[in-house]
Amino acid sequence: MNNKLDYSEHGYQIIQELGRNREGGRITWLASSLTTDQQVVIKQYAFAQIDSTWSGFNAYQREIEVLKGLNHAKIPKYLGAFPTSNGFCLVQEYIDAPSLAISRNFQPEQIKKIALKLLEIISYLQSRFPYIIHRDIKPENILVDAELNVYLIDFGFARIGSQEVSGSSVFVGTSGFIPPEQLLKPTAATDLYALGVTLICLLTGTQSNQVQNLMDEDDPYQIRFRHLLPQLSLRFLDWLEKMVQPRLKDRFENAQQALNALIPLDLTRCPQVKFSHQIQDFQATHLGEKVKQTITIENPIPDTLLEGHWEVAPHPHDPPHTSKSHPWISIIPRKFIGNYKKFDIEVNTSNLMADKLYKRQLVLHTNGEPETHTLTVKIQTAAIPIERRESKSYASLIWAFLTGEIATVTLIGVIPWILASHNIAFWNVPEIADGISGAGVFGTVGAIAGAVIGAVIGGIYDLVEQNKQTSKSSNSYSNDSWESTTTASFGGVVIVGVLGIIVGGVYGTIFSSSRPSDLVGIIGMSIGGIIVGGFGAFIVGGIAGLITGFISSVLIVTILKLINDWLSLLAAAFGISVGFGFVGGFFNLATILTLGITGIPLLYGQLYAPIKHHRLITKYRQSEKNLIKP
């Protein structure tokens with residue numbers, strides 16, 4: 001406390017000195033009111049110390065009038081003034097907060113809040129009529145408390161519109177914070193330059209008396225600072241650079257415009273998350289399957305490092321789990337640091353219900369903007385195999401049954417009858433009759449062999465064509481089937497013709513009962529047997545080839561098609577047994593055995609399979625009580 005100063009007659013008691021500006025002839029005191037005990041700030045102006053005249057008092061009187069007209073919570077209130085022997089004293093509200101000139105560690109977002117509040121104060125000054133220009137915004141004239149309340153003080157160089165308020169012919173601001181136009185004609189954008197420099201000082205840790213270190217060598221009004229703030233966002237750096245542009249037309253026009261531009265900006269240069277693709281729906285093909293997808297995340301923002309972690313959002317149907325693990329969804333790696341990363345998302349469906357659609361949310365937490373990304377994944381579980389099995393239609397079973405029956409009756413009933421007819425003599429010539437008989441026997445055998453061979457070839461050909469045309473039903477007989485069957489039948493005719501000519505002629509010559517003894521007779525009989533016997537073999541064997549070729553082709557093609565369908569094979573086998581019954585009689589041991597061996601399994605498959613199917617479904621549905629619900 002200074003004992004030489006006694007302001008008790010004015011109602012104040014000095015507590016301590018707060019600051020001194022010898023060049024401006026000003027000392028700032030902390031004092032208390034003797035009447036209210038309220039702490040105040042007394043600014044003592046001593047004109048004699050700077051060899052000034054009393055005419056300057058009139059300028060400060062106008063400043064007092066300005067302060068009287070201000071009513072803003074963040075501008076210290078004017079409380080009074082009184083003259084002294086060498087000047088006068090200005091009394092204002094005391095704000096218990098340090099100035100920004102005192103070194104403190106502010107986070108970028110805190111500095112943004114400070115900037116927004118200062119712009120609100122400056123906007124208030126500019127909204128008055130006439131507007132007020134502070135002209136000395138700098139860290140020393142800005143008070144900020146622990147709760148980031150911001151106050152603007154020291155209006156000693158302020159100017160009202162075009163009218164001077166203080167003795168600005170001597171002091172018009174602080175070097176480094178003065179834009180070019182302030183010396184001649186300050187405008188609403190003048191204070192923005194000083195505020196921009198103040199913010200740069202805070203962000204770079206530069207003291208007010210070191211601002212010259214940030215100035216361009218060729219242009220002292222151009223501040224170079226971008227290289228010192230690589231962690232800040234480019235959009236904010238653009239905003240700050242516009243605040244300190246030397247040319248008025250390149251700066252914001254007023255505080256409100258600068259305020260509106262700053263509000264949506266983030267100060268820090270945040271990484272961004274760019275997904276390689278959207279996660280596709282998971283589709284399980286069998287129960288208990290583990291399905292997996294890979295997704296890539298990239299950070300396209302330079303000079304930043306992306307880091308984060310994954311978690312599965314809680315769901316009411318999932319068992320209790322932590323953010324680090326989930327009972328059936330895993331993401332590897334869960335935590336990461338890097339600007340390019342691949343992730344494996346695996347879903348274990350072993351504890352999920354069958355044939356259900358599950359929806360869960362994956363949450364990605366990062367240090368980027370925005371901080372969280374939510375992805376919805378859909379998981380379709382596999383169907384119950386026994387439910388998906390298509391029951392065999394009765395039409396297909398009847399078809400298999402009739403095929404087996406007709407083929408059996410034809411092979412062991414009709415063909416033997418044809419074979420028995422070989423003893424019928426078409427002509428009275430013995431060797432020709434024997435030749436035709438030989439042609440009938442061996443020609444029919446040749447027809448059967450040719451038909452079977454042709455049928456197998458035709459069946460395989462038909463299967464190949466059916467695989468190429470998967471749209472056709474497996475239970476329908478297509479044109480390709482008829483084509484292959486017909487081909488097989490006529491193949492049997494051709495084969496039997498060749499075999500009949502050779503075998504029938506040889507048989508008629510060698511085994512004829514009226515074989516001649518001379519060479520001429522033998523040659524003549526052989527030629528006649530080959531010609532007539534071969535013709536007979538072609539006719540008789542051809543008819544047999546057509547019939548057996550068609551039936552055997554149908555049978556073989558059907559069996560090849562249904563080889564994986566045991567129920568259809570049982571129906572075909574049962575048809576064969578019934579065919580044996582028609583030919584050989586139903587009341588013999590062989591027929592009864594074949595009917596029982598083939599019929600009982602067929603009946604079992606038809607009656608018991610649905611019951612077993614129902615029991616399996618019921619059993620599985622009961623087990624679902626312990627599974628996770630969608």
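For the structure, see preceding data.
Rules used in this analysis
- Residue numbering note: each chain is counted from 1, following its sequence as written.
- A pLDDT threshold of at least 70 governs which residues receive local features in this predicted model, and a stricter bar of 80 or more applies before side-chain atom pairs are shown or counted, although totals over entire chains, interfaces and linings include all residues.
- Note: side-chain values were computed over all heavy atoms of the structure, leaving out hydrogens and water.
- Elements are defined by DSSP. Helices are runs of H or I of four residues or more, strands are runs of E of two residues or more, and each kind is numbered from the N terminus.
- For every residue, the accessible area obtained with a 1.4 Å probe (protein chains only) is divided by the maximum for its type, and the residue is called buried under 20%, exposed over 50%, and partly exposed between those limits.
- We call two residues in contact whenever any of their non-hydrogen atoms come within 4.5 Å of each other.
- Methods summary: accessible areas were calculated by the Shrake-Rupley approach with a probe of 1.4 Å, and residue burial reflects only the protein chains presented.
- Classification of ring pairs uses Phe, Tyr and Trp, with its six-membered ring standing for Trp, and accepts pairs whose centres are within 6.5 Å; under 30 degrees between planes counts as stacked, over 60 as edge-to-face, and the remaining range as tilted.
- Following DSSP output, two strands are said to pair if at least two bridges run between them.
- A carboxyl oxygen of Asp or Glu within 4 Å of a side-chain nitrogen of Lys or Arg is what we treat as a salt bridge.
- In this description, a nonpolar core means a group of buried Ala, Val, Leu, Ile, Met, Phe, Trp, Tyr and Cys residues linked to one another through side-chain atoms lying within 4.5 Å.
- The arc under discussion is defined with respect to the helix axis, by the directions toward the C-beta atoms.
- Multiplying one less than the number of residues by 1.5 Å gives the expected span of a helix.
- Whenever a helix is involved, its axis is fitted only over the stretch in contact; in every case the axis is a line through C-alpha atoms, and angles between N-to-C directions fall within 0 to 180 degrees.
- Roughly parallel means an angle under 35 degrees; roughly antiparallel, over 145; roughly perpendicular, 65 to 115; everything else is oblique.
- Here the term charged refers only to Asp, Glu, Lys and Arg, the term nonpolar to Ala, Val, Leu, Ile, Met, Phe, Trp, Tyr, Cys and Pro, and the term polar to all other amino acids, Gly among them.

Asks: Help me get a handle on the overall build of the protein chain, residues and values and all.
Replies: Per the secondary structure count, the protein chain includes twelve helices and 19 strands. Split into buried and exposed, the 630 residues of the protein chain put 45% on the buried side. Taking contacts inside the protein chain between residues at least 6 apart in sequence as the whole, the part at least 24 apart equals 68%. In the structure as shown, the protein chain presents an accessible area of about 33100 Å², 58% of it carried by carbon and sulfur atoms.

Asks: So what's going on with the packing of aromatic side chains? Which residues, and what values?
Replies: By the definition in use, this model includes nine aromatic pairs. Here the aromatic rings of Tyr7 and Phe82 are separated by 5.2 Å at their centres, their planes lie at 65°, and the arrangement is edge-to-face. Residue Tyr7 is located in the segment before strand S1 (12–21), and its partner Phe82 is located in strand S4 (residues 78–84); the two are separated by 75 residues in the primary sequence. For the pair Tyr7 and Phe82, a shared accessibility class is recorded, and that class is buried. Plain terms: the ring middles of Phe236 and Trp239 are 5.7 Å apart, the flat faces sit at 20° to each other, and that makes the pair stacked. Within this pair, Phe236 and its partner Trp239 are both found in helix H4 (residues 234–243), separated by three residues, close to a single helical turn. Looking at Phe236, the relative accessible area reads 2%, which means it is buried. With a relative accessible area of 3%, Trp239 lands in the buried category. The rings of Tyr7, Tyr12 and Phe82 are connected pair by pair, giving a single aromatic cluster.

Asks: I'd love a proper account of the sheet that holds strand S18 (residues 357–366), names of residues and values included.
Replies: Read across the sheet, five strands follow the order S12-S19-S18-S14-S16 without closing on themselves; strand pairing throughout is mixed. Looking at the sheet topology across the chains shown, the edges are occupied by strand S12 (282–283) and strand S16 (335–337). As paired strands, strand S14 (residues 307–312) and S16 are joined by three bridges and run antiparallel to one another. The partner of Gly308 across the bridge, within S16, is Phe336.

Asks: Kindly report on unusual backbone geometry, identifying the contributing residues and their values.
Replies: Of the consecutive residues Phe129 and Pro130, the connecting peptide bond is found in the cis state with omega at -5°. Along the chain, the position of Pro130 falls in the loop between helix H2 (108–127) and strand S6 (132–133). At the junction of Ile332 and Pro333, the peptide bond is cis and its omega measures out at -5° in the coordinates. Within the fold, Pro333 resides in the loop between strand S15 (329–332) and S16.

Asks: Explain the pattern of salt bridges to me, using residue names and the numbers behind them.
Replies: Across all of its chains, the model carries seven salt bridges by this definition. Salt-bridge contacts for Glu241 lead to Arg226; the nearest nitrogen and oxygen are separated by 3.3 Å. Remark: Arg226 occurs in the loop between helix H3 (190–204) and H4 and Glu241 occurs in helix H4; sequence separation between them is 15 residues. Overlapping salt bridges bring together Arg26, Lys43 and Asp154 as one network.

Asks: Please set out the nonpolar core residue by residue, giving values where relevant.
Replies: Membership of the largest hydrophobic core comes to 62 residues, with the highest contact counts inside it found for Leu119, Trp239 and Met243. Of all the secondary-structure elements, those providing two or more residues to this core are helix H1 (55–69), strand S5 (87–93), H2, strand S7 (142–144), strand S8 (150–152), H3, H4 and helix H5 (255–262). Apart from the residues within four sequence positions on either side, Met243 is in contact with Leu119, Leu192, Tyr193, Leu195, Gly196, Arg251, Phe252 and Ala258. Among the nonpolar cores identified, the runner-up in size contains 31 residues, and Phe282, Ile295, Val312 and Leu364 belong to it.

Asks: Provide a residue-level description of H5, including the pertinent values.
Replies: It helps to recall that an α-helix has 3.6 residues per turn; residues three or four apart then point in one direction. Here H5 has its buried residues at Ala255, Ala258, Leu259 and Leu262. Around the axis of H5, the buried residues are gathered within 100° of arc, so they sit on the same side. Buried-residue contacts for H5 involve H2, H3 and H4.

Asks: If you had to explain the sheet that holds strand S13 (residues 290–298) to someone new, which residues and values would you point to?
Replies: Strand order in the open sheet made by the four strands is S11-S13-S17-S15, with antiparallel pairing throughout. Only two strands of the sheet have a single partner each, and these edge strands are strand S11 (274–275) and S15. When S13 meets strand S17 (residues 340–348), the two strands line up antiparallel, connected through nine bridges. Opposite Ile297, over in S17, you have Lys341 as the bridge partner.

Asks: Go over the pairing of strand S19 (residues 372–380) with me, naming the residues and quoting the values.
Replies: Of the two faces of S19, only the one carrying His373, Leu375, Val377 and Ile379 is buried; Thr372, Thr374, Thr376, Lys378 and Gln380 on the other face are not. Judged from the two bridges that link them, S12 and S19 form a sheet pairing that is parallel. Bridge pairing links Phe282 to Ile379 in S19. Pairing of S18 with S19, which is carried by nine bridges, proceeds in the antiparallel orientation.

Asks: So what about H3? Which residues, and what values?
Replies: Helix length check: H3, at 15 residues, gives a terminal C-alpha distance of 22 Å against a target of 21 Å (1.5 Å per residue), a fit within 8%. In terms of burial, H3 is largely enclosed, as 14 of its 15 residues are buried.

Asks: So what about the packing of H3 against H4? Which residues, and what values?
Replies: One way to put it is that H3 packs onto H4 with a least axis distance of 8 Å and a crossing angle of 135°. For the element pair H3 / H4, the angle class is oblique. For the pair H3 and H4, the contacting residues are Leu192, Tyr193, Leu195, Gly196, Leu199, Ile200 and Leu203 in the first and Phe236, Trp239, Leu240 and Met243 in the second. Residues belonging to the contact of H3 with H4 are distributed by class as follows: ten nonpolar, one polar and no charged.

Asks: Give a detailed account of the pairing of strand S3 (residues 39–46), specifying residues and quantitative values.
Replies: Every regular strand shows the same layout, with side chains that alternate between the two sheet faces. Among the eight residues that make up S3, seven are buried, leaving the element largely enclosed by the rest of the structure. Linking two consecutive strands that pair antiparallel, namely strand S2 (residues 26–33) and S3, is a turn of five residues; a positive phi of about 60° is found at Asp37 within it. When S3 meets S5, the two strands line up antiparallel, connected through seven bridges. Bridging from a neighbouring strand, Lys43 pairs with Leu90 of S5.

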